[in-house]
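The chain contents come next:
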Amino acid sequence: KLCKSNPAVWQQWLTDVLADLESNPNLNYPSAGASDNHNSGVCVCLNCKAWDRLDAEPFTFNWKGKQEEYVHLTDRYVTFWNHLAKMLQEKLPGRDDVLLQAMAYGPSTTPPLGEGLAQNTMLAFVSSFPFATPDSRQTNKDRWQGWSKKAPNMFYRPNWWYFGGGVWCIPEIALQDLADDFHFLGQNSCMGLFVD
């Protein structure tokens, strides 16, 4: 993963986004979300770790040949995204339609304990409800509600391919839960869905 505290990384992201916007003016949500394999390969430099909240919920990371218990990195990611959002706004002061796309995924799923996201951000919340155990479903809905107090714009990006029977290799039918959860999203700040 990239070093979130490195200003050269911020500048490269901005350079790439501006080039993408030049070739596609309709691009509205340039992504700054985490890449896959979210539980491994995160930066462990002192500057990045200084952005972490040690009172955050625990999270298990996998390294080559070992596991490490640490904390969710949400506050680190929020600090990173807000740096990028500020740079983006400075470069595009008249483009209120361009929002940095952040992603609550893996170690950034829990809501931040500190500051929230900048106004020119859009949070993609990645989760598995309704295809989840009742406890996991409620935990993720609680996290959604926590994020809704810290993020000005949110959409739901379910990870259903993996959880919708993928773990167990059997069909999963959750029609009533699906209807309930879509009502929950509509009543709790959801601006859209991205189902791939």
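Below: a short report on this structure. Note that the structure is a prediction, hence the values are computed from the model and not measured.

Core analysis: the largest hydrophobic core is formed by 42 residues, its most contacted members being Trp-81 and Trp-147. Considering each element in turn, this core owes the most residues, seven residues, to helix α3 (residues 74-91). If you look at the next biggest cluster of nonpolar residues, it comprises seven residues, including Met-122, Ala-124, Val-126 and Phe-155.

The sheet built from four strands is open, its strands ordered β3-β4-β5-β6 with parallel pairing. Of all strands in the sheet, those with a lone pairing partner are β3 (100-104) and β6 (190-193), marking the two edges. Each strand axis lies, on average, 30 degrees off the axis of its neighbour in the sheet, ignoring direction. Note: β3 against strand β4 (residues 121-127), five bridges, orientation parallel. Across the sheet, the residue bridging to Ala-102 is Leu-123, located in β4. Each of β3 and β4 touches α3; the most contacted strand, β3, lies at about 170 degrees to it.

Next up on the list: the pattern of salt bridges. In the structure shown here, the tally under the stated rule is seven salt bridges. Across the salt bridge formed by Asp-97 and Arg-95, the nearest N and O atoms sit 2.9 Å from each other. Taking the relative accessible area as the measure of exposure, Asp-97 reaches 37% and is therefore partly exposed. According to the relative accessible area criterion, Arg-95 is partly exposed, its value standing at 27%. Of the charged contacts, one joins Arg-137 and Asp-181 as a salt bridge, the two residues approaching to 2.7 Å between their closest N and O atoms.

Let's shift gears to empty space enclosed by the protein. Under the criterion given, the structure shown has one cavity of 30 Å³ or more. When its volume is computed, the largest cavity comes out at roughly 50 Å³. Lining the largest cavity are Val-42, Cys-43, Val-44, Lys-49, Phe-61, Trp-63, Glu-68, Tyr-70 and Arg-76. Elements supplying a minimum of two residues to the lining of the largest cavity: β1 (58-63) and β2 (66-71). A breakdown of the residues in the lining of the largest cavity according to their chemical character gives six nonpolar, no polar and three charged.

So, how was this worked out
Residues numbered from 1 in each chain as written. Predicted model: local features only at pLDDT ≥ 70, side-chain atom pairs only at ≥ 80, totals over all residues. Heavy atoms only, no water. Core = buried A, V, L, I, M, F, W, Y, C linked by side-chain atoms within 4.5 Å. Buried < 20%, exposed > 50% of the residue type's maximum accessible area, 1.4 Å probe, protein only. Helix = DSSP H or I, 4+ residues; strand = E, 2+ residues; numbered from the N terminus. Pairing = 2+ DSSP bridges. Axes fitted to C-alpha atoms, helices over the stretch in contact; angles between N-to-C directions. Contact = heavy atoms within 4.5 Å. Salt bridge = Lys/Arg side-chain N within 4 Å of Asp/Glu carboxyl O. 1 Å grid on protein atoms, 1.4 Å probe; cavity = no way out; pocket = protein on both sides within 12 Å on 5 of 7 lines; lining within 4 Å. Points joined across faces, edges and corners; volume = space filled by probe spheres on them. Nonpolar A, V, L, I, M, F, W, Y, C, P; charged D, E, K, R; others polar.

Any functional reading would require information that these geometric values do not contain.
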